[in-house]
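Take a look at the letters that make up each chain.
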Amino acid sequence: MKIGFWGSGNMARVLGGAWAVAGHQVVFGSRDREKSRSIAEEIGFNATGGTNDEVAESCEVIVSTIRAVPSSFITSTSSLVGKIIIDLNNRDFPREYKPEEFLHSLAEATQKDVPSARVIKALNNHAMEVFNSDAAALKKAGVQSFIAGDDEQAKQITSQLLNDLGLKPVDFGSLSNAWLLEVQADILRTYMFATGNFLATPGFIEAPKAEPRFGERRKGTY
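Residues numbered from 1 in each chain as written. Predicted model: local features only at pLDDT ≥ 70, side-chain atom pairs only at ≥ 80, totals over all residues. Heavy atoms only, no water.

- Going by an unreviewed UniProt entry, the protein carries the name NADPH-dependent F420 reductase and comes from Floridaenema flaviceps BLCC-F50.

In structure tokens:
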């Protein structure tokens, strides 16, 4: 499957690397084509790089690592009809907690922005360090990954992609439940920063410790 990334930061790099190892065609996107091409060269496995617009045009499944709706960073959303967009973003953190924000998820904002796409909330509760482990190790550890969405076929495809990473998909219901996954991410990130343990996962199953296959965590990102 051709999987594209909007953004070429930490999560895009490690997830893209893991899916490339699993045999998928991976395309990294960014505002700066040279940056995404550099990440692709770093990963290898025939990964390529281009712009966010090129990812929107060419990829079957798109993983958004940009904390904004697509219309704010691509020229047109017309090429996204029927495509699967996996939103893995969380709110800015740390921040002042405001309960009224909780019911408004970033995933639902993306679906509203691109109503013709099939938006799935997934992978927002894993730190990049989890994917230093290969698929076999994550599967053996029983690491879970929650997904929410309204399109059953899109959820099935996403579940298979999670399986390819070694994760056990857990269906978290409709996209209207995405806000719960984003709140859970607030809890997990509070725990991670308090303890320094970035291997905690949604079911609080700790991922196996492994050498950083695709590079260490880089300054200014999480």
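**Focus on the pattern of salt bridges**
Then, in step 1: Overall, the coordinates contain 12 salt bridges when judged by the stated rule.
Then, in step 2: A salt bridge links Arg33 to Glu54, with the nearest nitrogen and oxygen atoms 2.8 Å apart. Of this pair, Arg33 sits in helix H2 (residues 33-43) while Glu54 is found in helix H3 (residues 52-58), placing the two residues 21 residues apart along the sequence.
Then, in step 3: Looking at Arg33, the relative accessible area reads 31%, which means it is partly exposed.
Then, in step 4: We note a salt bridge from Asp186 to Arg189, for which the minimum N-O separation is 2.8 Å. Of this pair, Asp186 and Arg189 both sit in helix H7 (residues 178-195), separated by 3 residues, roughly a single helical turn. In this structure, Asp186 and Arg189 share a single accessibility class: buried.
Then, in step 5: Here the salt bridges share partners, and the residues they tie into one network are Asp87, Arg91, Lys121, Glu182, Asp186 and Arg189. (Salt bridge = Lys/Arg side-chain N within 4 Å of Asp/Glu carboxyl O. Helix = DSSP H or I, 4+ residues; strand = E, 2+ residues; numbered from the N terminus. Buried < 20%, exposed > 50% of the residue type's maximum accessible area, 1.4 Å probe, protein only.)

**Overview of the nonpolar core**
Then, in step 1: In terms of nonpolar packing, the biggest core is built from 37 residues, with Phe5, Leu15, Trp19, Phe28, Leu123, Phe131 and Leu165 touching the most fellow members.
Then, in step 2: Elements supplying a minimum of two residues to this core: strand E1 (2-6), helix H1 (10-21), strand E2 (25-30), H2, strand E4 (61-64), strand E5 (84-87), strand E6 (118-122) and helix H6 (152-165). (Core = buried A, V, L, I, M, F, W, Y, C linked by side-chain atoms within 4.5 Å.)

**What about helix H4 (residues 106-113)?**
Then, in step 1: Taken together, the buried positions of H4 are Ala107, Thr110 and Gln111. The arc that holds every buried residue of H4, seen down its axis, measures 100°, which confines them to one face.
Then, in step 2: Elements that come into contact with the buried residues of H4 comprise E5, E6 and H7. (Arc of directions from axis to C-beta. Contact = heavy atoms within 4.5 Å.)

**Structural notes on unusual backbone geometry**
Then, in step 1: Positioned with a positive phi, Phe45 is a non-glycine residue whose angle comes to about 55°.
Then, in step 2: Examined against the element boundaries, Phe45 turns out to sit in the loop between H2 and strand E3 (48-51).
Then, in step 3: The backbone of Leu123 shows a phi angle near 70°, a positive value even though the residue is not glycine.
Then, in step 4: Assessed through its relative accessible area of 2%, Leu123 is described here as buried.

**Re the environment of Ala148**
Then, in step 1: Along the chain, Ala148 falls in strand E7 (residues 144-149).
Then, in step 2: Once residues lying within four places of it in the same chain are set aside, the contact partners of Ala148 are Val119, Ile120, Lys121, Phe172, Gly173, Ser174, Leu175, Ala178 and Leu181.

**What about the environment of Asn52?**
Then, in step 1: Turning to its location among the elements, Asn52 is positioned in helix H3.
Then, in step 2: Considering only alpha carbons, one finds Asn52 and Trp6, 46 residues apart in sequence, at a separation of 5.4 Å.
Then, in step 3: Apart from the residues lying within four places of it in its own chain, the contact partners of Asn52 are Phe5, Trp6, Gly7, Gly29, Ser30, Arg31, Ile66, Phe73 and Ile74.
Then, in step 4: Here the side chain of Asn52 touches Gly7 through a polar contact of 3.4 Å, landing on its backbone nitrogen. (Polar contact = N/O pair within 3.5 Å; in protein donor to acceptor, adjacent residues only side chain to side chain.)

**Some words on the packing of aromatic side chains**
Then, in step 1: In this structure the tally under the stated criterion is 5 aromatic pairs.
Then, in step 2: With a centroid separation of 5.6 Å and 20° between ring planes, the pair formed by Phe5 and Phe28 is classed as stacked. Residue Phe5 is found in strand E1, and its partner Phe28 is found in strand E2; the two are separated by 23 residues along the sequence.
Then, in step 3: Accessibility expressed as a relative area gives 0% for Phe5, which makes it buried.
Then, in step 4: Aromatic pair Trp6 and Phe73: ring centres 5.2 Å apart, planes at 75°, arrangement edge-to-face. Taken together, the residues span a long stretch of sequence, with Trp6 in strand E1 and Phe73 in the loop between E4 and E5 at a distance of 67 residues.
Then, in step 5: Its relative accessible area of 0% is what places Trp6 among the buried residues.
Then, in step 6: Taking the relative accessible area as the measure of exposure, Phe73 reaches 18% and is therefore buried.
Then, in step 7: Among the aromatic residues, those joined into a ring-pair cluster are Phe5, Trp19 and Phe28. (Phe/Tyr/Trp six-rings, centres within 6.5 Å; stacked < 30°, edge-to-face > 60°.)

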